[in-house]
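Fold and geometry: a report
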Amino acid sequence: MRATWDIFCNVVDNYGDVGIAWRLARGLVREHGLAVRLWVDDLHAFQRIWPAIATDADHQRCEGVLVCAWHTPFATTEPAQVVIEAFGCALPESYLTAMSVQSPPPVWINLEYLSAEPWVAEHHGLPSPHPRLPLIKYFFFPGYTPDTGGLLAEADLAERRAIFVRSEAAAFWRQFGLGVPQADELRVSLFAYENPALPALLDAWVSETRPVTCLVPEGRVIPQLAAWLAVPGLPAGEVHRRGALRLHILPFLSQDAYDHLLWACGLNFVRGEDSCVRAQWAARPFVWQAYPQADAAHWDKMNALQSRYTESLDGLAARAVSAMWRHWNGVQDTPGMAECWDAWRARQAEIERHAGVWCERLRQAGRLTDKLVDFVENKLECRVFSNP
Ligand code: TRH
């Protein structure tokens, strides 16, 4: 019989934590036939990315996953055989104690944040004994190389994207009152944290010679957009025109519909972790805003991905992508936004080609769900071997 799995997710802020935990849970059920419980402490955040989630249910089955509300204090629960602690979220003390009296104890994994930094491979898979209890936690690091935990991606992702691009994109645009893009039009999706570089980017789009349509799902960037437009508010459905720029405010989309937006646009501004990975799998150009951390620690993360991503791009295109990303992340060593945008536009065709090549190359890192299941099965086998 296949092992049972518990995944714990504490929503720090935003949607990345629950977004990743949910993607993982769905993948484990759908592709590996596992029995998965997903414990989430904020069902409201969860419902934003997956509207079928009921916010008042302690237990609900969704897409084959048993979704459980993580309350404090935590009700007595028999631990699963595999326990995933997403992003060091700290398991409930009573649950940890229950894990420690099981024989053999569960395989306990801390799923870490993704980074392209080189140290990730060295730390991937390392054990850490609990200071008091007879338990070992293993660190599982997602990453961009085969010696890491790989990247989250569904087995049929490329196929679904190809079908969408071939035959479903027109219907996707229609639901927002839009036709397919004109030949010279650039469609851009914008998912960002508040960003001082945003007004100058909008100004650059206003002055474009070709139409730019920017699609913005509701979120943190809306007040900044409203201020730039000098309007009191920006509810979903509003459309504003300034010069060559047409701004469409969209409702916050379901996780799957957001993928469609990424697949349909010619350029995607993404942030944090999950949307960044999805933009890469979309095989479209993207600009990444790393999750801001104290003392600009996120610049290391951004630099690492930027150098990896631009490694095989020609000089001027690489420079255009780097400058755009660095400027968008507040690094001070770049020209102004107008210049960054013009340089990006001048190299757009190469950058587009590269996005497809990069997406193919990403596969070499392996799929996170497969790698996690292999890692866990290996630990389970060792456990059986040492506890006959
Ligand atoms: O929401 P985020 O800023 O999450 C962040 C990061 O994960 C960061 O690493 C973490 O430390 C911090 O939270 C606490 O960005 P991210 O990771 O892209 O997650 C957004 C999720 O929301 C992703 O699963 C896609 C989803 N989404 C939708 O479902 N609909 C939408 O309309 C949009 C824009 C996003």
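Note: the structure precedes this text.
Below or above, wherever it landed, is the structure these notes cover.

With respect to topology, six strands assemble into an open sheet ordered β11-β12-β10-β9-β13-β14, the strand pairing being mixed. Looking at strand neighbours, the two that pair on one side only are β11 (239–242) and β14 (286–289), the edges of this open sheet. Geometrically, the sheet is characterised by an average inter-axis angle of 15 degrees between neighbouring strands, direction not taken into account. Bridge count for strand β10 (residues 212–217) against strand β12 (residues 245–250) is six bridges, and the pairing is parallel. Across the sheet, valine 216 pairs through a bridge with isoleucine 249, a residue of β12. Along the sheet, helix α7 (residues 222–229) contacts β10, β11 and β12; its crossing angle with β12, the most-contacted strand, is approximately 145 degrees.

The subject of this paragraph is helix α13 (residues 348–362). Because an α-helix completes one turn every 3.6 residues, residues spaced three or four positions apart along the sequence face the same direction. For α13, which comprises 15 residues, the first-to-last C-alpha distance of 21 Å matches the rise-based estimate of 21 Å (1.5 Å per residue) to within 8%. Looking at the packing, one finds that the buried side of α13 touches α5 (157–174), β9 (186–190), α9 (274–281), α10 (298–310), α11 (315–328) and α12 (337–346).

In this section: the site of the ligand. Lining the immediate environment of the ligand, one finds 22 residues, of which Tyr193, Leu253, Arg271, Asp274 and Ser275 sit closest. Between an oxygen atom of the ligand and a main-chain N or O atom of tyrosine 15, the distance comes to 2.9 Å. One of the side-chain nitrogen or oxygen atoms of glutamine 255 is found 3.0 Å away from an oxygen atom of the ligand. Burial of the ligand by the protein amounts to 98% of the accessible area it has alone, namely 700 Å². Residue assignment for the shell around the ligand shows that the elements contributing at least two residues are α1 (16–32), α8 (255–264) and α9.

Looking now at the packing of aromatic side chains. Centre-to-centre distance and the angle between the planes together describe a pair of aromatic rings. Summed over the entire model, instances satisfying the criterion amount to 29 aromatic pairs. Measuring from ring centre to ring centre gives 5.7 Å for phenylalanine 164 and phenylalanine 172, while their planes differ by 70 degrees; the resulting arrangement is edge-to-face. Take phenylalanine 172: its relative accessible area is 4%, and that puts it in the buried class. Between tryptophan 205 and tryptophan 341, the ring centres sit 5.7 Å apart and the planes meet at 75 degrees, which makes this aromatic pair edge-to-face. Of this pair, tryptophan 205 sits in helix α6 (residues 198–206) while tryptophan 341 sits in helix α12, placing them 136 residues apart in sequence.

Together, Val12, Tyr113 and Tyr291 make up a nonpolar patch on the protein surface, roughly 280 Å² of accessible area in all. Note that tyrosine 291 resides in the loop between β14 and α10. Tyrosine 291 gets classed as partly exposed once you look at its relative accessible area, which sits at 33%.

Moving on, we get to the environment of isoleucine 351. Among the structural elements, isoleucine 351 can be located in helix α13. Note on isoleucine 351: relative accessible area 1%, which makes it buried. Taking the C-alpha atoms as reference points, isoleucine 351 and phenylalanine 286, separated by 65 residues in sequence, lie 9.2 Å from one another. Filtering out sequence-adjacent residues up to four positions away, isoleucine 351 remains in contact with Pro285, Ala317, Val321 and Trp344.

Here strand β1 (residues 4–9) lies mainly inside the structure; five of its six residues are buried. With six bridges joining them, β1 and strand β2 (residues 35–40) adopt parallel strand pairing. What sits directly across from threonine 4, in β2, is alanine 35. The pairing of β1 with strand β5 (residues 82–86) spans four bridges and is classified as parallel. Each residue of the ladder has a partner; that of tryptophan 5, found in β5, is valine 82.

With that out of the way, let us pick up the sheet that holds β2. With respect to topology, eight strands assemble into an open sheet ordered β3-β4-β2-β1-β5-β6-β8-β7, the strand pairing being mixed. Whereas interior strands pair on both sides, the edge strands pair on one side only; in this sheet they are β3 (59–62) and β7 (127–129). In this sheet, neighbouring strand axes are inclined to one another by 25 degrees on average, regardless of whether the strands run parallel or antiparallel. Of the strands in this sheet, β1, β2, β3, β4 (65–69), β5 and β6 (107–111) touch α1, which is tilted by about 170 degrees from β1.

Let us now look at unusual backbone geometry. Between threonine 72 and the following residue, proline 73, the backbone shows a cis peptide bond with an omega angle of -5 degrees. With respect to the helices, strands and loops of the structure, proline 73 is situated in the loop between β4 and β5. Cis geometry is adopted by the peptide bond preceding proline 104, which originates at serine 103 and carries an omega value of -10 degrees. Along the chain, proline 104 turns up in the loop between α3 (93–100) and β6.

So, on to the side chain of lysine 137. With respect to the helices and strands, lysine 137 occurs in strand β8 (residues 136–140). Lysine 137 gets classed as buried once you look at its relative accessible area, which sits at 15%. A distance of 3.3 Å separates the side chain of lysine 137 from the side chain of glutamate 85, its partner in a polar contact. With residues up to four places along the chain from it excluded, the contact list for lysine 137 reads Glu85, Trp108, Asn110, Leu126, Pro127 and Ser128.

This part is about the state of the cysteines. A covalent bond between the sulfur atoms of two cysteines is referred to as a disulfide. What the rule picks out here adds up to zero disulfides. Not part of a disulfide, cysteine 265 finds its nearest cysteine sulfur in cysteine 214, a span of 8.4 Å. With no disulfide partner, cysteine 359 has as its closest neighbouring cysteine sulfur the one in cysteine 276, 13 Å distant. Overall, cysteine 359 belongs to the buried group, its relative accessible area being 3%.

Criteria and thresholds
Residues numbered from 1 in each chain as written. Predicted model: local features only at pLDDT ≥ 70, side-chain atom pairs only at ≥ 80, totals over all residues. Heavy atoms only, no water. Pairing = 2+ DSSP bridges. Helix = DSSP H or I, 4+ residues; strand = E, 2+ residues; numbered from the N terminus. Axes fitted to C-alpha atoms, helices over the stretch in contact; angles between N-to-C directions. Contact = heavy atoms within 4.5 Å. Expected span 1.5 Å × (residues − 1). Near = heavy atom within 4 Å. Polar contact = N/O pair within 3.5 Å; in protein donor to acceptor, adjacent residues only side chain to side chain. Areas by Shrake-Rupley, 256 points an atom, 1.4 Å probe, with all protein chains shown as cover. Phe/Tyr/Trp six-rings, centres within 6.5 Å; stacked < 30°, edge-to-face > 60°. Buried < 20%, exposed > 50% of the residue type's maximum accessible area, 1.4 Å probe, protein only. Patch = residues over 30% accessible without salt bridge, like charges linked within 9 Å, V, L, I, M, F, W, Y side chains within 5 Å. Salt bridge = Lys/Arg side-chain N within 4 Å of Asp/Glu carboxyl O. Disulfide = S-S within 2.5 Å.

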